[in-house]
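What follows is each chain in one-letter form.
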Amino acid sequence: NAGVTQTPKFRVLKTGQSMTLLCAQDMNHEYMYWYRQDPGMGLRLIHYSVGEGTTAKGEVPDGYNVSRLKKQNFLLGLESAAPSQTSVYFCASSSPSGGAGDTQYFGPGTRLTVL
Amino acid sequence: AQSVTQPDIHITVSEGASLELRCNYSYGATPYLFWYVQSPGQGLQLLLKYFSGDTLVQGIKGFEAEFKRSQSSFNLRKPSVHWSDAAEYFCAVVADSSYKLIFGSGTRLLVRP
């Protein structure tokens with residue numbers, strides 16, 4: 001049982017390049033989330049999904065797109081990377097069966113640098 | 001809008017000393033509250049959570065937290081800190097009736113030998 005995994009672990013991009021971050025979970029969770037973590041700001045929600053084929057905007061969605069084609073995967077895309085997107089990205093998943101307070105399980109993170 | 005404040009950016013304690021990390025939230029109804037820990041280079045791990053009922057919540061690794069509605073606080077405590085507790089700690093609240101977490105900015109704990 002791997003939990004939540006993220007690919008890649010590290011990436012360096014040049015401004016204007018595109019990339020996709022992959023999140024996979026093997027816990028059969030309905031809900032999945034993408035966060036970014038910046039120094040002194042905690043984690044901020046980018047996008048989330050409440051089920052296969054659904055996505056919704058979080059707190060800081062601009063410059064990102066997401067897709068949830070399979071229940072176990074949640075992809076985060078950067079179409080044209082900017083230095084402001086330099087950050088550590090975390091994926092998380094949860095099951096709604098326990099109510100709104102159910103635990104979110106986090107992946108190990110992807111450190112992205114945009115030059 | 002919901003918000004979470006962790007007033008201490010850094011805290012340094014000696015190994016074996018007690019610890020209290022502060023968390024204040026802004027939320028109209030009964031909140032769902034969480035404490036997560038992040039070790040260097042790692043993801044976040046849940047320490048404990050509060051939904052309702054007993055206001056003193058026990059978590060993993062010997063941590064506990066107390067919900068005080070009158071003070072809008074959910075402070076994390078540990079009676080005796082170990083060097084392995086050095087990490088960053090995040091308090092979080094569920095936003096509205098959704099499943100979205102709102103995080104505080106974190107408190108970095110340093111442990112002196």
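To be clear, the structure that these remarks concern was listed above.
Rules used throughout
- Residues numbered from 1 in each chain as written.
- Chains lettered and ligands numbered in written order.
- Predicted model: local features only at pLDDT ≥ 70, side-chain atom pairs only at ≥ 80, totals over all residues.
- Heavy atoms only, no water.
- Disulfide = S-S within 2.5 Å.
- Helix = DSSP H or I, 4+ residues; strand = E, 2+ residues; numbered from the N terminus.
- Buried < 20%, exposed > 50% of the residue type's maximum accessible area, 1.4 Å probe, protein only.
- Pairing = 2+ DSSP bridges.
- Phe/Tyr/Trp six-rings, centres within 6.5 Å; stacked < 30°, edge-to-face > 60°.
- Contact = heavy atoms within 4.5 Å.
- Buried area = accessible area lost by both parts, 1.4 Å probe.
- Salt bridge = Lys/Arg side-chain N within 4 Å of Asp/Glu carboxyl O.
- Polar contact = N/O pair within 3.5 Å; in protein donor to acceptor, adjacent residues only side chain to side chain.
- Nonpolar A, V, L, I, M, F, W, Y, C, P; charged D, E, K, R; others polar.

(A) Up close: the state of the cysteines. All names here are of chain A. Under the definition given, this model contains two disulfides over all chains. With its sulfur 1.9 Å from that of its partner, cysteine 23 forms a disulfide with cysteine 91. Negative torsions about the S-S bond denote left-handed disulfides, and the value of about -75° found for cysteine 23 with cysteine 91 makes this one left-handed. Linking cysteine 23 in strand β3 (residues 19–25) with cysteine 91 in strand β9 (residues 87–94), this pair joins segments that are 68 residues apart in sequence.

(B) Inspection of the pairing of strand β9 (residues 73–78) of chain B at higher detail. Residues and elements named next belong to chain B. Across the six residues of β9, five count as buried, placing the element largely inside the fold. Pairing between strand β3 (residues 19–21) and β9: three bridges, direction antiparallel. In the strand pairing of β9, glutamate 20 is matched with arginine 77. As judged from the five bridges shared by strand β8 (residues 64–68) and β9, these two strands associate in the antiparallel manner. When the bridges of β9 are listed, lysine 68 appears paired with serine 73. Counting the residues in the hairpin turn of β8 and β9 gives four residues, including serine 72, whose phi is positive at 50°.

(C) Main features of the packing of aromatic side chains. Taken as a whole and judged by the stated rule, the model has 15 aromatic pairs over all chains. A ring pair is formed by Tyr64(A) and Tyr89(A), whose centres lie 5.8 Å apart and whose planes are at 65°; its orientation type is edge-to-face. Pair noted here: Tyr64(A) is in the loop between β6 (56–57) and β7 (65–67) and Tyr89(A) is in strand β9, with a separation of 25 residues, a long-range link. Measuring from centroid to centroid gives 6.4 Å for Phe34(B) and Phe51(B), while their planes differ by 65°, and the two rings are edge-to-face. Separated by 17 residues along the polypeptide, Phe34(B) in strand β5 (residues 33–38) and Phe51(B) in the loop between β6 (44–50) and β7 (56–58) bring together distant segments of the chain. Of the residues examined, Phe34(B) reaches a relative accessible area of 0% and is grouped as buried. Following the ring pairs from residue to residue traces out a cluster consisting of Tyr33(A), Tyr35(A), Phe106(A), Tyr32(B), Phe34(B), Tyr36(B), Phe51(B), Phe90(B) and Phe103(B).

(D) Quick peek at the interface of chain A and chain B. The interface of chain A with chain B comprises 21 residues on the first partner and 21 residues on the second. The contact between chain A and chain B buries some 1,700 Å² in all, and 60% of this surface belongs to carbon and sulfur atoms. Between the two partners, chain A and chain B, sit zero salt bridges. Linking chain A with chain B are three residue pairs in polar contact (both at pLDDT 80 or more). Within the residue set of the side of chain A that touches chain B, elements represented by two or more residues are β4 (31–37) and β5 (43–49) of chain A. With four residues, the top contributor of residues to the side of chain A that touches chain B is β4(A). Considering only residue class, the side of chain A that touches chain B consists of 12 nonpolar, eight polar and one charged.

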